[in-house]
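Each chain is listed here by its residues.
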Amino acid sequence: MKMSDGLDSAALHKRLAALEAQGEEARRTIDELKSRDALKTQFLSNISHDLRTPLAAIITHAEILREGMLGSLNPRQRESVSGIVNGGQQLIDMIDEILTYVRSASDQVALIRTEFSITEVVDQVKLLNESLSAKKRLTIERLNGDDVPPVYADRDKLKHVLGNLIGNAIKFTHDGGRIWIKFARRGRDGDELLVEIGDTGRGIARDHYDLVFREFAQVDSSPSRPHHGTGLGLAIARKLVELHSGRIWVESELGKGSRFFFTLPLNPPRD
Amino acid sequence: MIVEDSSLVTDAFAVLFGEAGYEVHSARTVADAIELGKRTQIDLILLDLTLPDGSGLDVLSALRQSGQLPRATLAMTGHTGGGVRETCLAAGCAEVLTKPVPIRELLRQIERLLG
């Protein structure tokens, strides 16, 4: 069958117009979704901030009681009030995680780079986690790194990443297990630093390698899950590593522990 | 003087500093804080950065202009990072504390600054 050129071009125009309309529709949908996402981010930010204030007041009142400033407490009373302080502090930490995520998601994060020793930061994070790891009789070792050159990066943000990875390792490793931190140089001129945080914990199935870095995702999201949290820790870690032009990933086997890796350029461009 | 817009927080601090033997005044806005700072001899300001009518640091610049700066100012913020600390130190704060400030640390800092 042969159609005349006129008909052909009319059909073509019609098809083109339909496609354009579809494109326009898709653009509108994307804009709508973007603005809803921005609204959600703003809501998260506001609610987190508003939750923080009364919580701070509760913690201060409980601390005043715990310190015996309003009269001395017996050991059981002190234990109970300490529970209020600790529970409140845990809530504050979760709210802060949400706020950090909101800021990194809305590109409000700027890197403040200085030159510093990353092994020193690792040792600091280790120290901060000492009481937690002692409770589970875990050993945390930095296996090497004394010869790692100083990095030019955002110290607070890398400390956050290391704190998250080491904190997770502690959380998901059985009593008496082992956690290690290891450094290696990579790249053509060894201009990339590879940091490994490994553990002998419960491990992650291959299907979940990507999921764990996704926001609000938890491998076990049931209400009865043994480990609670915001599900934002690794999503934040990924954002912060990527802000440094690095990469983050996991290699793991269920029941045999996990090894989290991230890279960091050693000679980033300087302003 | 405590400058903070939440009465929940100022009430908690009022109990704390009252017990620790300090005389406490509180203000909930930049305007109130400036007015109170000009009217009263203040030794130390505990300054929240986010206030309904502006930044807590505006209080400092106004009191500096009128020559009525306190002996020391401690800034308090919900969330550090993003250069907040540097800005506050440059504005004349002695230290920047993250809320909720552990009370032992807070009392220690205040004793150090006023001692």
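Use the structure listed above.
Below you will find a few notes about this structure. Computed from a predicted structure; not experimentally measured. (Residues numbered from 1 in each chain as written. Chains lettered and ligands numbered in written order. Predicted model: local features only at pLDDT ≥ 70, side-chain atom pairs only at ≥ 80, totals over all residues. Heavy atoms only, no water.)

**With respect to the interface of chain A and chain B**
And step 1. Taken together, the contact pairs 20 residues of chain A with 23 residues of chain B.
And step 2. Between chain A and chain B, a total of about 1,700 Å² is buried, with carbon and sulfur atoms accounting for 70% of that surface.
And step 3. Looking only at chain A, the three residues that lose the most surface to chain B are A:R52, A:T60 and A:M69, adding up to 27% of its buried area.
And step 4. Taken together, chain A and chain B are joined by one salt bridge.
And step 5. In this structure, A:E67 engages B:R104 in a salt bridge whose closest nitrogen and oxygen atoms are separated by 3.1 Å.
And step 6. Taken together, the elements giving at least two residues each to the side of chain A that touches chain B come down to α1 (5-66) and α2 (75-105) of chain A.
And step 7. Here the side of chain A that touches chain B gets ten residues from one element, more than from any other, and that element is α1(A).
And step 8. The residue inventory of the side of chain A that touches chain B, partitioned by class, reads ten nonpolar, five polar and five charged. (Contact = heavy atoms within 4.5 Å. Buried area = accessible area lost by both parts, 1.4 Å probe. Salt bridge = Lys/Arg side-chain N within 4 Å of Asp/Glu carboxyl O. Helix = DSSP H or I, 4+ residues; strand = E, 2+ residues; numbered from the N terminus. Nonpolar A, V, L, I, M, F, W, Y, C, P; charged D, E, K, R; others polar.)

**Some thoughts on unusual backbone geometry**
And step 1. The linkage connecting B:K99 with the following residue, B:P100, adopts the cis geometry, with an omega of -5°.
And step 2. Residue placement: B:P100 occurs in the loop between β7 (95-98) and α5 (103-114).
And step 3. One non-glycine residue, A:R137, lies in the positive phi region at around 50°.
And step 4. Position of A:R137 relative to the elements: it lies in the loop between α4 (130-135) and β2 (139-142).
And step 5. Notably, A:S245 is not glycine yet its phi reads approximately 60°, a positive angle.
And step 6. Within the fold, A:S245 resides in the loop between α6 (233-243) and β6 (248-252).
And step 7. Look at A:S245 and you get exposed, because its relative accessible area is 55%. (Buried < 20%, exposed > 50% of the residue type's maximum accessible area, 1.4 Å probe, protein only.)

Coordinates in, geometry out; function isn't part of it.
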